[in-house]
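Structural overview
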2 protein chains.
Amino acid sequence: METKFREKLSAINLHYKIWMSDKKDAGILGDGKWQILKLIDQKGSLKAACDELGYTYRRTWGDLKKIEKFFGFPLLEKHRGGHEGGKTVLTEEGKRLVNAFDQFHASVDAMIQKGFESFIENLK
Amino acid sequence: METKFREKLSAINLHYKIWMSDKKDAGILGDGKWQILKLIDQKGSLKAACDELGYTYRRTWGDLKKIEKFFGFPLLEKHRGGHEGGKTVLTEEGKRLVNAFDQFHASVDAMIQKGFESFIENLK
DNA sequence: TTTGGATATGCATGGTATGACATATCGTCA
DNA sequence: TGACGATATGTCATACCATGCATATCCAAA
């Protein structure tokens, strides 16, 4: 089947976002916070993680505050002071959350890609 | 396994968005346009569809213009004038696009829900 | 040939998200 | 014990986008 769509299909880029919210739809965890949590733990520093991802410290700090407020317990071990200025790593719960989201995301990634390919086929 | 997360898990709502864009990341088709396209065809009217979904006519009109500009051919048959003021229905291509997105969305819906349940289980 | 209601489009404005800036606090190590 | 650099937090400016308002255009039916 030849359709008018054919020549445009390769110009289409697929995007998607998954996130979780509380009852009031205030964002809790999404791709952004997930990434930054992972990188914070890897680098041992909130600031360093922000710098690398190009996020502002101010904003990220607010995001992390929200997610911890929602759960009611810390996901991060934050330390101020010291010669290095401070450091931040994930708590056990933080690691658990990130790992769960890792798995979720990986399974969704694969499926969405497959579904998108079918979508394109259907338009050919 | 009993974790600190347990009591909060039921308060978490899952959301996701799928959309397509051109190379410049200008939105082409997403949940909003998909819904409105379907409803326009059903109602035979752009205005009626906007009213029902609570979208502004002004905005929706702009959205539809973008998607048609991207594809380079009409997805809608728009008629002005007449006693009824005018009417709008999908072209063959419009229907084809909506149907393809219908299928895509349905398959993703089911899969994401399943993945989310596993995510919750992992946190228990 | 007039009327009515939907399509079509420009523009002004106001609210919100975001970033930029400022500054306080902390604690370890040299 | 003082200096350093990261954590922690308030505030203000602004850029963006959604919304609303206004208005032009069209044509079938009465």
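To be clear, the structure that these remarks concern was listed above.
My aim in this report is to walk through the structure given alongside it, one point at a time. Given the structure is predicted, the values throughout are model-derived calculations rather than measurements. (Residues numbered from 1 in each chain as written. Chains lettered and ligands numbered in written order. Predicted model: local features only at pLDDT ≥ 70, side-chain atom pairs only at ≥ 80, totals over all residues. Heavy atoms only, no water.)

1. Considering the protein's contact with DNA strand D
Close to DNA strand D lie 22 residues; A:Leu46, A:Arg58, A:Trp61, A:Lys78 and B:Gly82 are nearest. Taking B:Gly82, its main chain carries an N or O atom lying 2.5 Å from a base oxygen of DNA strand D. Broken down by secondary-structure element, the contributors of at least two residues to the surface near DNA strand D are α3 (46-53), α4 (57-71), β3 (76-80) and β4 (86-90) of chain A together with α3 (57-71) of chain B. Its residues assigned to classes, the surface near DNA strand D comprises 3 nonpolar, 11 polar and 8 charged. (Near = heavy atom within 4 Å. Polar contact = N/O pair within 3.5 Å; in protein donor to acceptor, adjacent residues only side chain to side chain. Helix = DSSP H or I, 4+ residues; strand = E, 2+ residues; numbered from the N terminus. Nonpolar A, V, L, I, M, F, W, Y, C, P; charged D, E, K, R; others polar.)

2. Digging into the protein's contact with DNA strand C
In the vicinity of DNA strand C there are 22 residues, among which A:Gly82, B:Leu46, B:Arg58, B:Trp61 and B:Gly82 approach most closely. Of what DNA strand C places within 4 Å of the protein, 60% of the atoms are sugar or phosphate. Taking B:Thr88, its side chain carries an N or O atom lying 3.2 Å from a phosphate oxygen of DNA strand C. Looking at the surface near DNA strand C, the elements with two or more residues in it are α4 of chain A together with α2 (46-53), α3, β3 (76-80) and β4 (86-90) of chain B. Residue composition of the surface near DNA strand C, by class: 3 nonpolar, 11 polar and 8 charged.

3. Some details on the sheet that holds strand β1 (residues 13-21) of chain B
Sheet strands line up and pair through hydrogen bonds in the backbone, either parallel or antiparallel. With antiparallel pairing, the 4 strands of this open sheet are ordered in space as β2(A)-β1(A)-β1(B)-β2(B). In the strand order of this sheet, the two ends are held by β2 (27-30) of chain A together with β2 (27-30) of chain B, each with one partner. On average, adjacent strands in this sheet sit at an angle of 35° to one another, irrespective of strand direction. Across the sheet, helix α2 (residues 31-43) of chain A touches β1 (13-21) and β2 of chain A, and the angle it forms with β2(A) is around 65°. (Pairing = 2+ DSSP bridges. Axes fitted to C-alpha atoms, helices over the stretch in contact; angles between N-to-C directions. Contact = heavy atoms within 4.5 Å.)

4. Structural notes on the relation of the copies chain A and chain B
Expressed as a screw transformation, the operator carrying chain A onto chain B has a rotation angle of 180° and an axial translation of 0.0 Å, and the superposed copies differ by an RMSD of 0.1 Å. Taken together, the rotation and translation describe the operation of a two-fold axis. Minimal C-alpha distance to the rotation axis in chain A is attained by A:Lys17, lying at 2.7 Å. Residue by residue, 100% of the interface of chain A is reproduced at the interface of chain B, so both copies engage with the same surface. (Least-squares fit on C-alpha atoms with pLDDT ≥ 70 in both.)

5. Describing the interface of chain A and chain B
With 41 residues of chain A in contact, the opposing surface of chain B contributes 41 residues. Of the roughly 4000 Å² buried between chain A and chain B on both sides combined, carbon and sulfur atoms contribute 71%. In this structure, the connection of chain A to chain B is made through 0 salt bridges. The tally of links between chain A and chain B comes to 13 residue pairs in polar contact (both at pLDDT 80 or more). It is helix α5 (residues 92-123) of chain A that contributes the most residues to the side of chain A that touches chain B, 16 residues altogether. Per-class residue counts for the side of chain A that touches chain B are 23 nonpolar, 9 polar and 9 charged. Here β1(A) runs beside β1(B); their pairing, made up of 9 bridges, is antiparallel. Counterpart to A:Met20 in the pairing with β1(B) is B:Leu14. (Buried area = accessible area lost by both parts, 1.4 Å probe. Salt bridge = Lys/Arg side-chain N within 4 Å of Asp/Glu carboxyl O.)

6. Examining the pairing of β2(A)
Residues and elements named next belong to chain A. Relative to β2, β1 runs antiparallel, the two sharing 3 bridges. Bridging from a neighbouring strand, tryptophan 19 pairs with glycine 30 of β2. In this structure, the hairpin formed by β1 and β2 is closed by a connection of 5 residues, where aspartate 25 is found at a positive phi of approximately 65°.

7. Here's the deal with the nonpolar core
By size, the foremost hydrophobic cluster in this structure holds 71 residues, and its most contacted members are A:Phe71, A:Phe119, B:Phe71 and B:Phe119. The biggest single contributor to this core is helix α4 (residues 92-123) of chain B, with 12 residues. When sequence neighbours within four positions are dropped, the list of residues in contact with B:Phe71 reads A:Phe5, A:Lys8, A:Ile12, B:Ile28 and B:Leu97. (Core = buried A, V, L, I, M, F, W, Y, C linked by side-chain atoms within 4.5 Å. Buried < 20%, exposed > 50% of the residue type's maximum accessible area, 1.4 Å probe, protein only.)

8. What about the packing of aromatic side chains?
Scanning all chains against the criterion turns up 20 aromatic pairs over all chains. Between A:Phe5 and B:Phe73 the ring centres are 5.3 Å apart and the planes differ by 80°, which places this aromatic pair in the edge-to-face class. You can see A:Phe5 sitting in the segment before α1 (6-9) and its partner B:Phe73 sitting in the loop between α3 and β3, one on each of two chains. With respect to class, A:Phe5 is no different from B:Phe73; both count as buried. Between A:Phe71 and B:Phe5 the ring centres are 5.2 Å apart and the planes differ by 90°, which places this aromatic pair in the edge-to-face class. In this pair, A:Phe71 sits in helix α4 while B:Phe5 sits in the segment before β1, so the two residues belong to two different chains. For the residue pair A:Phe71 and B:Phe5, the accessibility class agrees, reading buried in each case. (Phe/Tyr/Trp six-rings, centres within 6.5 Å; stacked < 30°, edge-to-face > 60°.)

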